[in-house]
Amino acid sequence: MEHSSGAPASQELRDRSVRLNLPLVLPEVGELQDACVARLIRLLERREEVLRVHVVRAGEADPAPGAEPQAVGEAQLCLHYDPERLTLAQITALAQASGAEVTNRYGHEVIPFELVGSEDDGQRVESDLSRLPGVTAASVNLAAQVARVEYDRRRTDRATIEERLRASGARTVSDAAPSEPESEPAAAAGWYQRNRELVWSLVAGTLTATGWIAGRFLGAPPAVSVALFVGAYFFGARDNVGHFLWDLRRGRFHFNIDLLMVVAALGAAILGAWLEGALLLFLFSMGHALEHYALGRARHAIAALAELAPQVAIVVRAGREEEVPIAEVRIGDRVVVKPAERIAVDGKVSEGRSGVNQAPITGESVPVDKVPGDPVFAGSVNGEGALIIDVTAAVGDRTLDRVIKLVAEAQTQKAPTQQFTDKFERIFVPLVLIGDALLIVVPPLLLGWTWAESFYRAMAVLVAASPCALALGTPAAVLAGIAQAARKGVLIKGGAHLEALGGVKVLALDKTGTITKGEPAVTDVVPLGGTSASDLLATAAVVERRSQHPLAKAVIRAAEARSLPVPEAGELESVTGRGIRSTIGGRRVEVGRLLMFEESGVAPPVGVREAVAKLEAGGRTTMVVWRESAAGGDGSGEWLGVLGIADEARSGVGETLAELRRAGIERIVMLTGDNAGVGNAVARSVGIDEVRAGLLPEDKVTAIQELAQQGRVAMVGDGVNDAPALAHAAVGIAMGGAGTAAALETADVALMGDDLGRLPFAIGLSRKARAIIQQNLAVSLGVIVLLLVATGVGAAGIGTAVVVHEGSTLVVIANALRLLVYDRK
């Protein structure tokens, strides 16, 4: 839409603006901080005809200063241009061409990898990727084992990026996929590689225990115990030293926490505390092995999504059924799915009937009956009947593929709490290193400590101050929360949205299609004057049969549901906005609003008026039915009765809203374009606090802004018509994400099934995640403060610091993994 930019009158003619949805211009960009947004703006502003380009909220007429959008889905590109030099079509084409130029040059890849390492290794890999020529931005989430890389296609490509990942010590997913079944020796080697860290840690622990027992109880010479402790040092520090030497060979030096542990152990050896140093390395390596195992559980929960769809499908070609790889299945192919098989494609049923378990995609707890014309999704499980499916989406465009892609991207987006901990670490770690150096030097010079005592305490402080639990507590919770949500049919597109959803106080819901079924239905049949309900409904259905009006279709469905005969009627006469007239067996029949009869000079009886008034007070649309007394008569007739029609509330909505209140939602508001009578009737039936009726899309945006003053607002809609309101809410929640790509792209959260009943689970999960993140933050910071004080004053040594430090890290990860079993039931 084109409009004036609000410039003074003297400039108005030479300053017009147009807005384009940013995701349409830059489809590969997933966040506003992406450098491609700035590149696009710079590219457009180089043109003299373009006066200014900036990003604004979708649907906001005059954005307030500082009211920038927070996500790509709610953003629009606003272009101010000179209308004397460019037309609306030209500026639109220019923006799209510039977006295509940026998209074609700069690629965005989300690359899964495998790397057994410490939290600091994530920063090391991120640094390695950032220094690769052509890479413009890199973000690595070690907990999720995912890297998000932006790069210049002219200078590098994905293969080169994966090669750099491998050079950094990681394995890409393609490296880990064998092309043929493993032999027994290969399988054993594979098991060893996957569990090497745990095996070496157990060897270190065994050697440490043996050295202690030999010296303490068996009377072995000290040299024997020391030799065993040296062996424990080797196995306990092997990975840490290996990473350090790897970096040195590549001309880099990372002073990370792993190296600090090795230095602390060497310091203990210098002081003759071999047992304590060996115990430190054993506990540290064991802690890391358990951390990686625990985080692997959350990663595997997400990776399991990719395993839902079969890798082959049975396709009908040239009249024969043949099994082909799923990558070779094309749109328009016909796929046969046998009973109890998992469906491999997105498509529509062309033949057969069966119940299909869609829980892996939509979270629905019971199978959904499928008949010809119904959609099915890859990853769902067929029931007892065979189905033939017409393929509607190729591999890569299936709902499951989009979900996997969005979940992978969500893992790379950091939650606000994680952003805080990252900033905290960048300040905290250098301060600890400076303080530790002072602890080694100052006390011997000023307080009379021995150098050995001062050095020992400094090593203990290094262990105590390691922020491992702080670094892992939040990403582990976000990873587990997103994984559990995806398994239950709820797609949460990042840690920020997971945290935000947990703080929602006010819930705004669209009416049509969200609270209601989205199609009118006959709710009341009120016969009058001795007429039966069947006669009333059948007569109305005969007349409405040839009409295409939605209310007419509701009457036909009601008659068919009661198996009433619906013969052909005579010529149809439509009275626009009022009703219709026709003949049945030569007798004239009229069906319509009360106003149609009044305008014709006919006065309906009191009974008709009372029935109409009662139904309309309940939010019903009414249809009055009149029939002529006899064929070819004098025009006298009988009032058969009144039908009440409404868009009914979905089954179970009232119970769902009650659950939401128990989950902590303080106020529930309906936003609808319908009149207040209809809105209030639906609201009363399901228990909604407030109705705002007669709203246009821009009015819904205003309502969201007003409701935001009462607390954090979430908006639930269909993801298309309600896009502006979804964008302005703190959290936009789309219904039916499995059925529309637009819903997946627009909202922050998508309920994959067309079912509001998943919302209490989503909000409950996010509140639980927020609580766990806060608990982990408190435990992490509390343990660091406690250990710093205890080791600083000498109340705790290296061994105690290691036990408590690693224990706290395992505690926060175990706490986060509780989200993997969360179920609101």
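One can find the structure itself at the top, above this paragraph.
Just so it is clear, the structure is predicted and the values come from calculations on it, not from any experiment. (Residues numbered from 1 in each chain as written. Predicted model: local features only at pLDDT ≥ 70, side-chain atom pairs only at ≥ 80, totals over all residues. Heavy atoms only, no water.)

Section: the overall build of the chain
Here is step 1 of the chain: Check the secondary structure of the chain and you find 29 helices and 30 strands.
Here is step 2 of the chain: Per-residue burial for the chain yields a buried fraction of 50% across its 825 residues.
Here is step 3 of the chain: Accessible surface, the chain: about 36400 Å² in total, of which carbon and sulfur atoms supply 56%. (Helix = DSSP H or I, 4+ residues; strand = E, 2+ residues; numbered from the N terminus. Buried < 20%, exposed > 50% of the residue type's maximum accessible area, 1.4 Å probe, protein only. Areas by Shrake-Rupley, 256 points an atom, 1.4 Å probe, with all protein chains shown as cover.)

What about the packing of helix α23 (residues 653-662) against helix α28 (residues 759-792)?
Here is step 1 of the chain: For the pair α23 and α28, the least separation of the axes is 9 Å and the interaxial angle reads 10°. Relative to α28, the element α23 is oriented roughly parallel. Contacts from T656, E659 and L660 in α23 reach L759, P760 and I763 in α28.
Here is step 2 of the chain: A per-class count over the contact of α23 with α28 returns 4 nonpolar, 1 polar and 1 charged. (Axes fitted to C-alpha atoms, helices over the stretch in contact; angles between N-to-C directions. Parallel < 35°, antiparallel > 145°, perpendicular 65-115°, else oblique. Contact = heavy atoms within 4.5 Å. Nonpolar A, V, L, I, M, F, W, Y, C, P; charged D, E, K, R; others polar.)

Looking at the environment of Y233
Here is step 1 of the chain: Here Y233 shows up in helix α9 (residues 222-249).
Here is step 2 of the chain: Distance from Y233 to G277, taken between C-alpha atoms, is 7.7 Å for residues 44 residues apart in sequence.
Here is step 3 of the chain: Once residues within four sequence positions are removed from consideration, Y233 is found in contact with R238, A265, L266, A268, A269, A273, W274, G277, A278 and L281.

Some remarks on the nonpolar core
Here is step 1 of the chain: Residues L507, L657, I733 and L759 are the most contacted members of the largest nonpolar core, which totals 52 residues.
Here is step 2 of the chain: At 9 residues, the largest contribution of residues to this core is made by helix α16 (residues 468-487).
Here is step 3 of the chain: Judged by nonpolar contacts, the second largest core, of 28 residues, contains Y233, A269, W449 and I798. (Core = buried A, V, L, I, M, F, W, Y, C linked by side-chain atoms within 4.5 Å.)

Focus on unusual backbone geometry
Here is step 1 of the chain: For A318, which is not glycine, the phi dihedral falls at a positive 55°.
Here is step 2 of the chain: If you trace the backbone, A318 turns up in the loop between β9 (312-317) and β10 (320-325).
Here is step 3 of the chain: Accessibility expressed as a relative area gives 80% for A318, which makes it exposed.
Here is step 4 of the chain: Here the phi dihedral of S563 falls at roughly 55°; this positive angle occurs in a residue that is not glycine.
Here is step 5 of the chain: Here S563 shows up in the loop between α20 (550-561) and β21 (573-575).

What to know about the sheet that holds strand β15 (residues 375-376)
Here is step 1 of the chain: If you trace the 6 strands from one edge of the open sheet to the other, you get β10-β9-β11-β17-β12-β15, paired in antiparallel fashion. Two strands bound the open sheet, and with one partner strand each, they are β10 and β15.
Here is step 2 of the chain: Two strands pair when backbone bridges link them, and strand β11 (residues 334-337) and strand β17 (residues 387-393) are joined in this way by 4 bridges, in the antiparallel orientation. Considered in β17, the bridge of V336 is made with I388. (Pairing = 2+ DSSP bridges.)

Some details on the sheet that holds strand β24 (residues 621-628)
Here is step 1 of the chain: On the basis of which strands lie adjacent, the open sheet formed by 6 strands has the order β20-β25-β24-β23-β22-β21 and antiparallel pairing. Among the strands making up the open sheet, the edge pair consists of β20 (516-527) and β21. Neighbouring strand axes in the sheet, compared pairwise and without regard to direction, differ in orientation by 20° on average.
Here is step 2 of the chain: Two strands pair when backbone bridges link them, and β21 and strand β22 (residues 579-584) are joined in this way by 3 bridges, in the antiparallel orientation. If you follow V575 over to β22, its bridge partner there is G579.
Here is step 3 of the chain: Those strands touched by helix α22 (residues 606-617) are β20, β24 and β25 (637-649), and its axis lies near 0° from that of β25.

Regarding helix α25 (residues 697-707)
Here is step 1 of the chain: Listing the buried residues of α25 in full gives K700, V701, A703, I704 and L707. Across the axial projection of α25, the buried residues extend over an arc of 160°, all falling on one side. (Arc of directions from axis to C-beta.)

As for the packing of aromatic side chains
Here is step 1 of the chain: Counted according to the given criterion, the structure contains 6 aromatic pairs.
Here is step 2 of the chain: Ring centres of W212 and F217 lie 5.5 Å apart, and the angle between their planes is 90°; this geometry places the pair in the edge-to-face category.
Here is step 3 of the chain: F217 sits in the exposed class, given a relative accessible area of 57%.
Here is step 4 of the chain: Members of the aromatic cluster, each reached through a chain of ring pairs, are W200, F234 and F235. (Phe/Tyr/Trp six-rings, centres within 6.5 Å; stacked < 30°, edge-to-face > 60°.)

Here's the deal with the side chain of R627
Here is step 1 of the chain: Among the structural elements, R627 can be located in strand β24.
Here is step 2 of the chain: Residue class for R627 comes out buried when judged on its relative accessible area of 14%.
Here is step 3 of the chain: Here the side chain of R627 touches D535 through a polar contact of 3.3 Å, side chain to side chain.
Here is step 4 of the chain: Those residues in contact with R627 that lie beyond four places of it in its chain are D535, T539, R587, R588, V589, G637, E638 and L640. (Polar contact = N/O pair within 3.5 Å; in protein donor to acceptor, adjacent residues only side chain to side chain.)

Let's talk about helix α24 (residues 676-686)
Here is step 1 of the chain: Listed in full, the buried residues belonging to α24 are V678, G679, A681, V682, A683 and V686.
Here is step 2 of the chain: Where α24 is buried, its residues contact α18 (511-515), β20, β25, α23, β26 (667-671) and β27 (690-692).
Here is step 3 of the chain: Downstream of α24 by one or two residues, G687 has phi in the positive range, about 85°.

What about the pairing of β11?
Walk down a regular strand and you will see the side chains alternate between the two sheet faces.
Here is step 1 of the chain: Judged from the 3 bridges that link them, β9 and β11 form a sheet pairing that is antiparallel. Along β11, the bridge assignment pairs V316 with R334.

Considering the packing of helix α15 (residues 451-464) against helix α29 (residues 798-817)
Here is step 1 of the chain: Their axes nearest at 9 Å, the elements α15 and α29 cross at an angle of 0°. Here α29 runs roughly parallel to α15, going by the angle between their axes. Taking contact as the criterion, the partners of Y456, M459, A460, V463 and A464 in α15 are, on α29, I798, A801, V802 and H805.
Here is step 2 of the chain: When the residues that make up the contact of α15 with α29 are grouped by side-chain class, the tally is 8 nonpolar, 1 polar and no charged.

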